[in-house]
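# Observations on chain architecture
Each chain is listed here by its residues.
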Amino acid sequence: MTATSPDPTGLPYHRMARYSPHHRWWRPLLGTVVLVFGSVLATVILYILTDGIGTAAGYPELPDGGVDFGPVLGTGLDLAFIAVDLPLVLLAVLWLGRRPAGTVASVTGRPRWRWLAWCLLAAVPPMVLLPMVAIFLPDDQGDGGGSDVWVGWQTFLLSLAMLVVLVPLQSAAEEYVFRGWLLQAAGAFLRSPWLAVLPQAVLFAAAHGWGTPWGFADLLVFGVVAGLLTIRTGGLEASIALHALNNLLAFGLSAMYVDGLASDETAADAPWQLALVDMASVLLFAAIVLRLARRRHPQHLSAPVPEPIPPHLLPYVPPQGAYWPYAQAPGAYGPYPQPQGMYGPYPQPPGSHGAYPPPGAHGAYAPPPGAVWPYASPQGSHGPYAPPPSNGAVPGPAAAPSGPDGPGSAASGADAPGPAAPSGPDGPSPAALGSTASSPDLPGDAPGPDGAGPAAPGDLPGPEGSSHAAPGAASDSAVPSSAALDDAPSPAATGNAPSPAALRPAAPGDAPSPDATSPAVPTSADPPSRRPSGPQGKLIRQRGRVGDDQA
């Protein structure tokens, strides 16, 4: 594995306990105490659980009071109890060391799997050479051999499968404890690699028990060489590879014979011949790894130590709530008060038309007084004003001469309201309705020049505003006779404005009377009325004449 040149300001592996801005001198010591106590506690708890399960399952009891699970299952439980130390080390690094858990694996902060594979290949030659030489070594009795019984393929293969699974975990756990945590804990106080590897090597040899001096020396050499390779290569890959293959070889050879795995002997009990061969194989492995390290250049220094972040550069912790950076709102409208109704934060206006009164037929505003449509509703044909009187008098009840027809007859000419006039065959006459009754203009009518009403068809305006009869007009239907003009009431007698018929001159051949040619001047308040023509006009004139005679 070729790695880039490490930063010279980084830390070597044994100083990685300081790879934290939160490092304090007491953290490695506290972590060591907690790790030892946690390992012992976990082992005791697991043993109690397994003994209870074995007793319930009916396994036989050993002379010391334990449960006999057999050589294969018993060896697997022992390896599993040691493997529990691996997660304990990672938790201690993370919680008590206040640094990434991967810094105990290597200076890169993670396991280097490719470099681990190269180290496994480097461990194969020494591990093959060790059993080949051990075969020719004499045993304790000096007979040069033994009479051990082959266990059988079925039991051997079952034991080998269990060992392949659990031995690497057990070996890695021991390396994480001794060449990992303990080596870095010592390196937090010691700068020299030689001094930092000694404490963990001694503890590693003592953990296997006190056997022969040669066995203890073999374990001590293993611990020192593994520690130096860890510092040189910057990680636990080399020591894990050597430890795992060594244990697989030792347990595999023991599993080949009956009760081989049930033996209580450890590496501390090795004779001097085997101890010397084992130390030679360890040194051969170290030479191969160092040669690979010169070619592959694994990273052996960490990145620069992270500096503590100043308080003013720490990320701002937002306040609790979903409306950051504002305070949490009590409702669904953010920091503002919840509006009432559909009109936002303003009070809801009364009614369905908001704060204003509901508009009527003329909009939201009241019509001005006396205004005509479209502001105010039209009141009759005269708008909002009262109909003007025809005689120019002040509106009100007018005293009209009584006659056979009663008040309001055509002889009086007053416009005051009264009983309806007698109607002829065609209904009430225009004269009976009053001079101000609104009657539609006849088609083709045009107002006269003096405003007296439309002239009859064919009439021309006279010089004084009176209309003259057109030549050829019928005298009996269009104009009154001289006798009728003589009998018509005069304006002075009745007090009413003369009708348009009185203003017309006589037909050709008739001598105009003095009264007919000098009509009374109408007042400004009495607009001239139009004289009805046709049979109704004759009927009106006749009624007026009869009224005058009676009067």
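Structural notes, computed from the coordinates. (Residues numbered from 1 in each chain as written. Predicted model: local features only at pLDDT ≥ 70, side-chain atom pairs only at ≥ 80, totals over all residues. Heavy atoms only, no water.)

### With respect to the pattern of salt bridges
Counted under the stated rule, the structure contains 2 salt bridges. With its nearest N and O atoms 2.9 Å apart, the salt bridge here joins Arg-112 to Glu-237. Placement of Arg-112 in the loop between helix 3 (85–96) and helix 4 (113–134) and of Glu-237 in helix 8 (residues 237–255) is noted, with a sequence separation of 125 residues between them. Looking at Glu-237, the relative accessible area reads 4%, which means it is buried. A salt bridge links Glu-175 to Arg-179, with the nearest nitrogen and oxygen atoms 2.6 Å apart. Here the residue Glu-175 and the residue Arg-179 both occupy positions in helix 5 (residues 153–187), the gap between them amounting to 4 residues, near one helical turn. (Salt bridge = Lys/Arg side-chain N within 4 Å of Asp/Glu carboxyl O. Helix = DSSP H or I, 4+ residues; strand = E, 2+ residues; numbered from the N terminus. Buried < 20%, exposed > 50% of the residue type's maximum accessible area, 1.4 Å probe, protein only.)

### Digging into the nonpolar core
Counting residues in hydrophobic clusters, the biggest one holds 52 residues, and the most contacted among them are Val-89, Tyr-176, Trp-181, Leu-229, Phe-285 and Val-289. Secondary-structure elements contributing two or more residues to this core are helix 3, helix 4, helix 5, helix 6 (193–207), helix 7 (213–233), helix 8 and helix 9 (272–296). With 9 residues, the top contributor of residues to this core is helix 5. For Leu-229, the residues in contact, after removing those within four places along its chain, are Gly-234, Ala-238, Phe-285, Ala-286, Val-289 and Leu-290. (Core = buried A, V, L, I, M, F, W, Y, C linked by side-chain atoms within 4.5 Å. Contact = heavy atoms within 4.5 Å.)

### Quick look at helix 7
A rise of 1.5 Å per residue sets the reference length of helix 7, with its 21 residues, at 30 Å; its end C-alpha atoms lie 30 Å apart and thus fit the reference within 8%. Count one or two residues on from helix 7 and you reach Gly-234, which has phi positive near 80 degrees. (Expected span 1.5 Å × (residues − 1).)

### Topic: the packing of helix 1 (residues 26–57) against helix 3
When two helices pack together, their arrangement is given by the angle between the helix axes and by the axis-to-axis distance. Axis separation between helix 1 and helix 3 bottoms out at 10 Å; the angle between their running directions is 150 degrees. On the basis of the axis angle, helix 1 is roughly antiparallel to helix 3. The handedness of the crossing between helix 1 and helix 3 comes out as right-handed. Contact with helix 1, carried on its side by Arg-27, Leu-30, Gly-31, Val-34, Leu-35, Gly-38 and Ser-39, involves Asp-85, Leu-88, Val-89 and Leu-96 of helix 3 and no other residues of that element. Along the lines of polarity and charge, the residues of the contact of helix 1 with helix 3 split into 6 nonpolar, 3 polar and 2 charged. (Axes fitted to C-alpha atoms, helices over the stretch in contact; angles between N-to-C directions. Parallel < 35°, antiparallel > 145°, perpendicular 65-115°, else oblique. Left-handed = near helix turned anticlockwise from the far one by under 90°. Nonpolar A, V, L, I, M, F, W, Y, C, P; charged D, E, K, R; others polar.)

### A word on empty space enclosed by the protein
For the structure on display, the rule yields 1 cavity of 30 Å³ or more. Quantified by volume, the largest cavity comes out at close to 70 Å³. Among the elements that take part in the lining of the largest cavity, helix 5 stands out by supplying 3 residues, more than any other. Looking at the lining of the largest cavity, its residues break down into 4 nonpolar, 3 polar and 2 charged. (1 Å grid on protein atoms, 1.4 Å probe; cavity = no way out; pocket = protein on both sides within 12 Å on 5 of 7 lines; lining within 4 Å. Points joined across faces, edges and corners; volume = space filled by probe spheres on them.)

### Section: the side chain of Ser-281
One can find Ser-281 in helix 9. The buried category is assigned to Ser-281, whose relative accessible area is 6%. A polar contact of 2.6 Å, which involves the side chain of Ser-281, links it to the backbone oxygen of Asp-278. (Polar contact = N/O pair within 3.5 Å; in protein donor to acceptor, adjacent residues only side chain to side chain.)

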